[in-house]
Amino acid sequence: MSENKKAEKITSVKGMPDILPADAHLWEIFENTAQSILQSYGYQNIRTPIVEETRLFARAIGAVTDIVEKEMYSFEDSMNGDQLTLRPEGTAGVVRAVLEHNLVYDGPKRLWYKGQMFRHERPQRGRYRQFHQFGAEAVGFTGPDIDAELIMLCRRLWDDLGLPEIRLELNSIGDAAERAAHRVDLIKYLEQHEELLDAEAKRRLHTNPLRILDTKNPALQDIVNNAPKLLDYLGEESLKHFEGVKNILDRNAVQYTVNTRLVRGIDYYNRTVFEWVTDQLGAQGTVCAGGRYDPLIEQFGGKPTPAVGFAMGIERLIELMKSAGETAAPNQCDVYLVHQGEEAQMQAFILGERIRDAGLDVILHCATTAGAGSFKSQMKKADGSGASFAIIIGEDEVANNTASVKALRGAEGEQQQASVAFEEVVGYVVDQIIGGDACGDDCDDHHHHH
Ligand code: ATP
Ligand code: MG
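Taking an unreviewed UniProt entry as the reference, the protein chain is identified by name as Histidine--tRNA ligase belonging to Pseudoduganella lutea. Quoted verbatim from the Sequence similarities (unreviewed entry) field of the UniProt record, the comment on the protein chain reads "Belongs to the class-II aminoacyl-tRNA synthetase family." The UniProt entry for the protein chain carries this comment under Subunit (unreviewed entry): "Homodimer."

Below is the structure:
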């Protein structure tokens, strides 16, 4: 700075929060659990770019949807004039990639993805401008069994995460012809009550009247509750599919409510739609939403290929995990290395490398940054790290070619300290931590002991 003035701070963009280390372990638990469940059902990971051509989303999601009308971060590439958009959801990109690489040439594919999504919304609890979704897409599957499979792997995830307060709402929105027939009657009905509709409903009346059905405006609840139900317009095939899904859920003791007003805010859906909702997050209670989108791939120029998928909002699930008490930070390491003196520091550094070679996690007290620190203050840090052992190297240890190994997690009074020959320290702590099986099966929260 040439002027004697403090530099102005630059902060994160509104609605695009940082995820800090204090929360990172919850994200890891969520992602690891979700990934392993998806894997156990045979889903494979796909990673598509965050940026796509704007017209991809306009075509997939539909021109008269909240997302395309007002939520997309679209921009022109200043280098070449391309019209681009930060992805607001994951399905469009996955479907593009499936077609571009002809992934279904040898049969249907089960896929999952995770990552950032961007929507220009009003930031509030559970609603951000950058947020994360974890999603699955089953491409090329016709039957109701795969719809049920997707629903049930969600429930397995809630169970594994300890989140029982998430309930399932289910509906079928039929196919395009059935929706067209319903739409005529729905518009007629809503027109009869037009003076009671709010501005948004009036605007949607002739563009996307189905969306009016999931209005959250309390004043409209009576009107939409009495509106013609799409379920009553379904033909034999759509009904049979819906019965098939419900039958599998029933046989597997999956609870749900049929919500005849459940529609999705994205145009590509047909037949089965579902949402997993909770009452514990205030207004933003939907943690996962999905359904069939059989027409989409043909709309993209592919061969007719049925498909079904879901997307979860990870931020909302992390918040639920927090309120379910999942807060304890895991241990940062297995071993914390305490040292005093220049040669002791070098010995500790060398020892740290050897212990990591053996597969344990080690934090070396950083004397050059934190200052040497008394043994006492270093031991406090060792305790706070959650390590099972502190290894202490001071002048005496250097002179005797030993290290002092102190158990930090034993009951008070039992925290024995042993003097171990330097060459035997690695074997000693590995034995104690892995061989001794100190934590049994309950320590997956802690880390890997390879
Ligand atoms: P909502 O009705 O809450 O706006 P939506 O219908 O726009 O949701 P989808 O496009 O189906 O949501 O996205 C699936 C899930 O992603 C949602 O159920 C929610 O958990 C999460 N999600 C959507 N938008 C946001 C956002 N802006 N911030 C955080 N999570 C979001
Ligand atoms: Mg939305």
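J.: Help me understand the sheet that holds strand β16 (residues 417–421), please; the structure alone is not making it clear to me.
T.: Backbone hydrogen bonds are what pair the strands of a sheet, in a parallel or an antiparallel way. Taking strand neighbours across the sheet as the criterion, the 5 strands line up as β13-β12-β14-β15-β16 in an open arrangement whose pairing is mixed. Looking at the sheet topology across the chains shown, the edges are occupied by β13 (362–364) and β16. Adjacent strand axes in the sheet meet at a mean angle of 25 degrees when their direction is disregarded. Bridge analysis of strand β14 (residues 389–393) against strand β15 (residues 402–407) gives 4 bridges, and the strand direction is antiparallel. Directly across from A390, in β15, lies its bridge partner K406. Sheet strands touched by helix α15 (residues 375–384): β12 (335–339), β14 and β15. Its angle to β12, the strand with the most contacts, is close to 170 degrees.

J.: Would you mind going over the pattern of salt bridges with me for this structure?
T.: Pairing of side chains with opposite charge becomes possible as their charged atoms draw close. Counted according to the given criterion, the structure contains 23 salt bridges. A salt bridge links R204 to E200; its shortest N-O distance comes to 3.6 Å. Of the two residues, R204 and E200 both sit in helix α7 (residues 199–204), 4 residues apart, roughly one turn of that helix. When its relative accessible area of 9% is taken as the criterion, R204 is described as buried.

J.: Could you clarify how one ought to interpret the environment of P144 in this entry?
T.: Structurally, P144 can be placed in helix α5 (residues 144–161). Overall, the relative accessible area of 23% leaves P144 in the partly exposed class. In this structure P144 touches H241, G244, V245 and I248, once residues within four positions along its chain are discounted.

J.: I tried to follow the UniProt feature "binding site: L-histidine" (unreviewed entry) in the protein chain on my own but got confused; where do I start?
T.: The UniProt entry lists E89, G90, T91, R119, Q133, E137, R264, Y268 and Y269 under the feature "binding site: L-histidine" (unreviewed entry), expressed in the numbering used here. Examined against the element boundaries, T91 turns out to sit in helix α4 (residues 91–100). With a relative accessible area of 6%, T91 lands in the buried category. Within the fold, Q133 resides in strand β6 (residues 130–139). Apart from residues no more than four positions distant in its own chain, Q133 is found in contact with E89, G90, Y113, K114, G115, M117, R119, A311, M312 and I314.

Each value, and the rule that gives it
- Residues numbered from 1 in each chain as written.
- Chains lettered and ligands numbered in written order.
- Predicted model: local features only at pLDDT ≥ 70, side-chain atom pairs only at ≥ 80, totals over all residues.
- Heavy atoms only, no water.
- UniProt positions renumbered as here; feature names shortened; annotations may be inferred.
- Pairing = 2+ DSSP bridges.
- Helix = DSSP H or I, 4+ residues; strand = E, 2+ residues; numbered from the N terminus.
- Axes fitted to C-alpha atoms, helices over the stretch in contact; angles between N-to-C directions.
- Contact = heavy atoms within 4.5 Å.
- Salt bridge = Lys/Arg side-chain N within 4 Å of Asp/Glu carboxyl O.
- Buried < 20%, exposed > 50% of the residue type's maximum accessible area, 1.4 Å probe, protein only.

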